[in-house]
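So the chains spell out like this:
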Amino acid sequence: MTPPEPPEDSSPDETPRRDFLSSLAAIFVGGIAALPPLVIGAVAALDPLRRGGGDGGMVMVTRLAGVPDTGAPRKFGITSTRSDAWTTYRSAPIGAVYLRKEGDAVVALHTVCPHAGCFVGVKSDESGFACPCHGSSFAIDGAVDDPDSPSPRGMDALDVEIRNGDEVWVRFQNFLPGREEKTPV
Ligand code: FES
């Protein structure tokens, strides 16, 4: 009696090829599925703080009455609409500024130290600013006022506009620390 023929698809030569094609298909399908999150993630990583508003980064901070007439600096949080790849955050905190009146004008200084990014505080007598991390000292206008200060530049001034009579708007932006020149991030 003749033994039965083995089924065609159980040939030992066919099994590795089928496995290879299955793996290839899985890699292809997996790659396609992973593409959208990767692209979205890359966009978010390259531009993690995309701010809304479309006003050149201008943010309304307070009204003139909120800034002391004495010329002393007052700290204000900055909130703005920002979005990442998935969510839009309304009134999300994005930083802080010191505002100070200089005559009729309002001056804005970034609160982040240009040395290494710590938050600068107001000196107890309100005559200027000091950074608690490495001892940089700044005059009331933000200039470095101590030659031993490690900060390579003065505090970063920001553009200010008074709109509608008493609204204080600031062009809020961040700058790279550790450099003599102001380089926007
Ligand atoms: S971070 Fe301010 S002095 Fe170093």
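Preceding block: the structure.
Attention in this report is confined to the structure presented alongside it.

How each quantity is defined
- Counting of residues starts from 1 at the beginning of each chain's written sequence and follows it residue by residue.
- Given that this is a predicted model, residues contribute local features only at a pLDDT of at least 70 and side-chain atom pairs are listed and counted only at 80 or more, while totals for whole chains, interfaces and linings are drawn from all residues.
- Only hydrogens and water are set aside when side-chain values are computed; all heavy atoms of the structure are taken into account.
- In this scheme, strands are said to pair when DSSP sees at least two bridges between them.
- We count a stretch as a helix when DSSP gives it H or I for four or more residues in a row; a strand needs E for two or more, and each element gets its number in order from the N terminus.
- Orientation is described by axes fitted as lines to C-alpha atoms, over the contacting stretch for helices, and by angles from 0 to 180 degrees between their N-to-C directions.
- Each residue is placed in one exposure class: buried if its accessible area under a 1.4 Å probe, protein chains only, is under 20% of its type's maximum, exposed if it is over 50%, and partly exposed if it falls in between.

**Topic: the sheet that holds strand β10 (residues 160-163)**
Next, step 1: One open sheet accounts for 3 strands, arranged β2-β11-β10; its pairing is antiparallel. The sheet is open, and its two borders are formed by β2 (58-63) and β10, each paired with just one other strand. For this sheet the average axis-to-axis angle between neighbouring strands, irrespective of direction, equals 30 degrees.
Next, step 2: Relative to strand β11 (residues 167-171), β10 runs antiparallel, the two being bridged by 4 bridges. For Glu-161, the partnering residue across the bridge sits in β11 and is Trp-169.

**A short note on unusual backbone geometry**
Next, step 1: The phi angle at Glu-126 is positive, at roughly 60 degrees, despite the residue not being glycine.
Next, step 2: Of note, Glu-126 is situated in the loop between β6 (121-122) and β7 (128-130).
Next, step 3: Residue Glu-126 is classed as partly exposed on the basis of its relative accessible area, which comes to 42%.
Next, step 4: One non-glycine residue, Asn-164, adopts positive backbone phi at about 50 degrees.
Next, step 5: Of note, Asn-164 is situated in the loop between β10 and β11.

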